[in-house]
Amino acid sequence: RGGGHCQRPAHAGGMMKLQRPRRREMPESTVPLINVVFLLLIFFMLAGRLSAPMPFEAAPPESEQQNRPGDAAATVYVAADGRLAVGQTESALDELARRVAEHRGEDGGPVRVRADGRADANRVIAVMDALRDAGVREVRLLTRPADRGS
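Residues numbered from 1 in each chain as written. Predicted model: local features only at pLDDT ≥ 70, side-chain atom pairs only at ≥ 80, totals over all residues. Heavy atoms only, no water.

Visitor: Report on the environment of G109, specifying residues and quantitative values.
Guide: Checked against the element boundaries, G109 lands in the loop between helix 2 (96-104) and strand 5 (111-115). Residue G109 is classed as buried on the basis of its relative accessible area, which comes to 14%. Once the C-alpha coordinates of G109 and R137 are considered, the two residues, 28 residues apart in sequence, prove to be 8.3 Å apart. (Helix = DSSP H or I, 4+ residues; strand = E, 2+ residues; numbered from the N terminus. Buried < 20%, exposed > 50% of the residue type's maximum accessible area, 1.4 Å probe, protein only.)

Right under this line is the structure:
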């Protein structure tokens, strides 16, 4: 056929198909994962124990009163077997006044007594008397709320 005519390539539908450039897949971002881990870290820091551990186990007796005690500069622990501690240091009854004075500081705030519910009541009274004799004006006996479910 004649010399200078170009033939058109045959395509379906008369249009030429072009390949679309492939999109490069972006790597997964780690920023959301870092955010979640950071939030969990903050949660567990805030939800964790904020008070100092007790020197020995002392489960306080139950109370009908629902008030929570305020902060005190010193806490005296009375174990079920009668042992005493001021803060984290075990102490004898005759050393109690000196140790409480060290922990209270100059403000002379209230002293908390956290006695085990199984501790002898006479021992707890002796501790409270020793605190009164040491010049403590306010003693707060810590209790836990009574179970009202029964």
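This is not the end of the story, as more comes after the structure.
Visitor: Would you mind going over the pairing of strand 2 (residues 74-78) in detail, with residue names and values included?
Guide: Side-chain positions along a regular strand alternate between the two faces of the sheet. Across the five residues that make up strand 2, a large majority, five, are buried. The alternating pattern of strand 2 places A74, V76 and V78 and T75 and Y77 on opposite faces, both of which are buried. Where strand 2 lies against strand 5, five bridges are found, and the strand directions are parallel. Looking at strand 5, one finds that V76 is bridged to V113. Of the pairings in the sheet, the one linking strand 2 to strand 3 (residues 84-86) comprises three bridges and is antiparallel in character. Residue pairing in the sheet places V76 in a bridge with V86 of strand 3. (Pairing = 2+ DSSP bridges.)

Visitor: Account for the pattern of salt bridges, with residues named and values stated.
Guide: Counting across every chain of the model gives seven salt bridges. Residues D116 and R118 are paired through a salt bridge, measuring 2.9 Å at the closest nitrogen-oxygen approach. Looking at D116, the relative accessible area reads 3%, which means it is buried. Here D129 ties to R132 by a salt bridge, and the two come within 3.2 Å at their closest N and O atoms. Of this pair, D129 and R132 both sit in helix 3 (residues 121-133), separated by three residues, roughly a single helical turn. A relative accessible area of 30% means that D129 is categorised as partly exposed. Overall, R132 belongs to the exposed group, its relative accessible area being 53%. Several salt bridges converge on common partners, so that one network encompasses D81, R83 and E90. (Salt bridge = Lys/Arg side-chain N within 4 Å of Asp/Glu carboxyl O.)

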